[in-house]
Amino acid sequence: MFCRHFCFFSLCLLLPTQRRCSLGHVSNTASLPGFENLTTGYNKYLRPYFGGEPVQIAMSLDIASISSISESDMDYTATIYLRQRWTDPRLVFHGNKSFTLDARLVELLWVPDTYIVESKKSFLHDVTMGNRLIRLFSNGTILYALRITTTVACNMDLSKYPMDTQTCRLQLESWGYDENDVIFTWLRGNDSVHGIEKLRLSQYTVERYYTLISKTQQETGSYPRLILQFELRRNVLYFILETYVPSTLLVMLSWVSFWITLDSVPARTCIGVTTVLSMTTLMIGSRSSLSKTNCFIKAIDVYLGICFSFIFGALVEYAVAHYSSSQMCAAKTPQEGPSNELTKDMEEVNIANILTSYRRNISFTSIEISSDNVNCNDLTMKTHEKIKRVLRNKMHRIIGYFTIQNPSNVDHYSKLLFPLFFMLANVFYWAYYLYF
């Protein structure tokens, strides 16, 4: 009995009559508007104004949420309410009312073939029923609304990460109808988009958004396209607390070794190695979250590289200072015999050298040199020896300039130079990435 009544009710909805159906009787009262047009002379496979002017399709959007923005995949996932309006003169009826129809009746109507450009995956919500709305107005205007979740590609420039601003787009285009068949417009310009200014994202803040109307030229024709473009500015405070502050503190920790004496080898070595390993771990952790974008040299990579250079430089500074101190101590240690004997030998050598030079001066002044007694080869040899001696002295002077005379001065200058250069590097870094 129930099945018979249900079939009878369904048949009454589809019949082109002016009667109202009930489970027990049929009367000649007013019917639901539009159903006569749906069944008589209506072809859902032909667009409105077929063969004539293009259909004007006005759109509006509500951005319900942007659930995720992925830098590694370069896309974002958003849930939107897409509303499309157009006029179909075949559905005009008398009166000034509007009627909301069952969403399943969309299968009986012509609807635009709108799709989302650069969408990786999308789906229409169907809990508890398909989230679609059909509303019919007396002048033939149709409102068609959908609730869609889509993942859309967004090309990102991560060279200034995490102080970057990304520009993403949501583009709507007709798949099969070109501009001769349909024309896309925004219903109220920028006011056609709602909800995006109220979004609260974990890492981003919506700076601004605006709507555009464009066309795309393809091999099969020119197709209308609507564009919603919005700018997302990343919140840098999270990265300052997680990466920038720890790396800066590690650099300052490496400077503690400058106040420890050169003889404390275990203490200074432990500080240097520990800070280097900690900095390496921090660098690996910052890059693991963006494993697919390592081809970019990001701003955070530059800063971590600067910090690692200063930490490694502090370790190398101690190695140089300690080596110079060891060489100086070795030079002061006597090579053989007691110190008294060595002092006596040095005095004897000095006295012998003084006497020899004095005798040579006397002989050169007392002997009259004639041109017949001069040997040219001897003069040439003496000239070469003098040149070698002069070059040797100059080389010793050059080497002396780079020789550390007092290793304790290395730590003294490092206490001033390391912080100074690190402050200058920070000034240039933040000025460049924040204002250029």
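Keep in mind the model is a prediction, meaning the values are calculated, not measured.

A few words now on the overall build of the protein chain. Of the regular secondary structure elements, the protein chain holds eight helices and 14 strands. Buried residues in the protein chain amount to 34% of all 436 residues. If you take every contact in the protein chain between residues at least 6 apart in sequence, the share linking residues at least 24 apart comes to 75%.

Turn by turn, an α-helix covers 3.6 residues, leaving residues three or four places apart pointing in a common direction. The end-to-end C-alpha distance of helix α4 (residues 265-288) is 35 Å, a good match for the 34 Å that 24 residues give at a rise of 1.5 Å each. All buried positions along α4 are accounted for by Arg-268, Ile-271, Gly-272, Thr-275, Val-276, Met-279 and Ser-286.

Attention now moves to the pairing of strand β3 (residues 55-70). Inspection of the sheet shows β3 paired to strand β11 (residues 182-186) by five bridges, in the parallel sense. Looking at β11, one finds that Ile-57 is bridged to Phe-184. Where β3 lies against strand β4 (residues 75-87), 11 bridges are found, and the strand directions are antiparallel. Note on β4: the bridge partner recorded for Asp-62 is Tyr-81. Following β3, the chain reverses through four residues before pairing antiparallel with β4; Met-74 in that reversal takes a positive phi of roughly 55 degrees.

Let us now look at the side chain of Glu-173. Turning to its location among the elements, Glu-173 is positioned in strand β10 (residues 165-174). A polar side-chain atom of Glu-173 sits 3.3 Å from a polar atom in the side chain of Gln-218. Setting aside residues up to four positions removed in sequence, Glu-173 forms contacts with Asp-113, Thr-114, Tyr-115, Val-117, Phe-184, Thr-216, Gln-218, Tyr-223, Pro-224 and Arg-225.

Right, let's get into the nonpolar core. Within the largest apolar cluster, 72 residues are counted, with the highest numbers of intra-cluster contacts made by Ile-63, Ile-66, Tyr-76 and Leu-170. The element contributing the most residues to this core is helix α5 (residues 299-332), with eight residues. Contacts of Leu-170, omitting those with residues within four sequence positions, involve Leu-61, Ile-63, Tyr-76, Ile-80, Ile-116, Val-152, Leu-226, Ile-227 and Leu-228.

Right, let's talk about helix α3 (residues 237-254) for a bit. For α3, with 18 residues, the first-to-last C-alpha span of 25 Å sits near the 26 Å given by 1.5 Å per residue. The principal kink in α3, of about 30 degrees, is found at Tyr-244, preceding the proline Pro-246 by one to four residues. Along α3, the residues that are buried comprise Phe-239, Thr-243, Tyr-244, Ser-247, Thr-248, Leu-250, Val-251 and Ser-254.

Before going further, it helps to examine the pattern of salt bridges. Opposite charge on two side chains makes pairing possible when the charged atoms of those side chains draw close. Following the criterion strictly, the structure yields 15 salt bridges and no others. Across the salt bridge formed by Asp-88 and Arg-90, the nearest N and O atoms sit 3.0 Å from each other. Across the pair Asp-102 and Arg-104 runs a salt bridge whose closest N-O atoms are separated by 2.9 Å. Assessed through its relative accessible area of 55%, Arg-104 is described here as exposed. Connected via shared salt-bridge partners are Glu-71, Asp-164 and Arg-234.

So, on to the sheet that holds β10. Read from one edge to the other, the open sheet built from four strands follows the order β6-β10-β14-β13, with strand pairing classed as antiparallel. What marks the edges here is a single partner per strand, and that holds for β6 (114-117) and β13 (204-218). Between one strand and the next, the sheet's axes are offset by a mean angle of 20 degrees, whatever the strand orientation. Taken together, the four bridges between β6 and β10 define a ladder with antiparallel strand orientation. Across the sheet, Val-117 pairs through a bridge with Gln-171, a residue of β10.

The next subject is the state of the cysteines. Under the counting rule described, the total for this entry stands at one disulfide. Across a sulfur-sulfur distance of 2.0 Å, Cys-154 and Cys-168 are joined as a disulfide pair. Measuring the twist about the S-S bond at about -85 degrees, one finds the Cys-154-Cys-168 disulfide to be left-handed. Of this pair, Cys-154 sits in the loop between β9 (141-153) and β10 while Cys-168 is found in strand β10, placing the two residues 14 residues apart along the sequence. Note on Cys-168: relative accessible area 1%, which makes it buried.

Rules used throughout
- Residues numbered from 1 in each chain as written.
- Predicted model: local features only at pLDDT ≥ 70, side-chain atom pairs only at ≥ 80, totals over all residues.
- Heavy atoms only, no water.
- Helix = DSSP H or I, 4+ residues; strand = E, 2+ residues; numbered from the N terminus.
- Buried < 20%, exposed > 50% of the residue type's maximum accessible area, 1.4 Å probe, protein only.
- Contact = heavy atoms within 4.5 Å.
- Expected span 1.5 Å × (residues − 1).
- Pairing = 2+ DSSP bridges.
- Polar contact = N/O pair within 3.5 Å; in protein donor to acceptor, adjacent residues only side chain to side chain.
- Core = buried A, V, L, I, M, F, W, Y, C linked by side-chain atoms within 4.5 Å.
- Bend = angle between axes of the 7 residues up to and from the residue.
- Salt bridge = Lys/Arg side-chain N within 4 Å of Asp/Glu carboxyl O.
- Axes fitted to C-alpha atoms, helices over the stretch in contact; angles between N-to-C directions.
- Disulfide = S-S within 2.5 Å.

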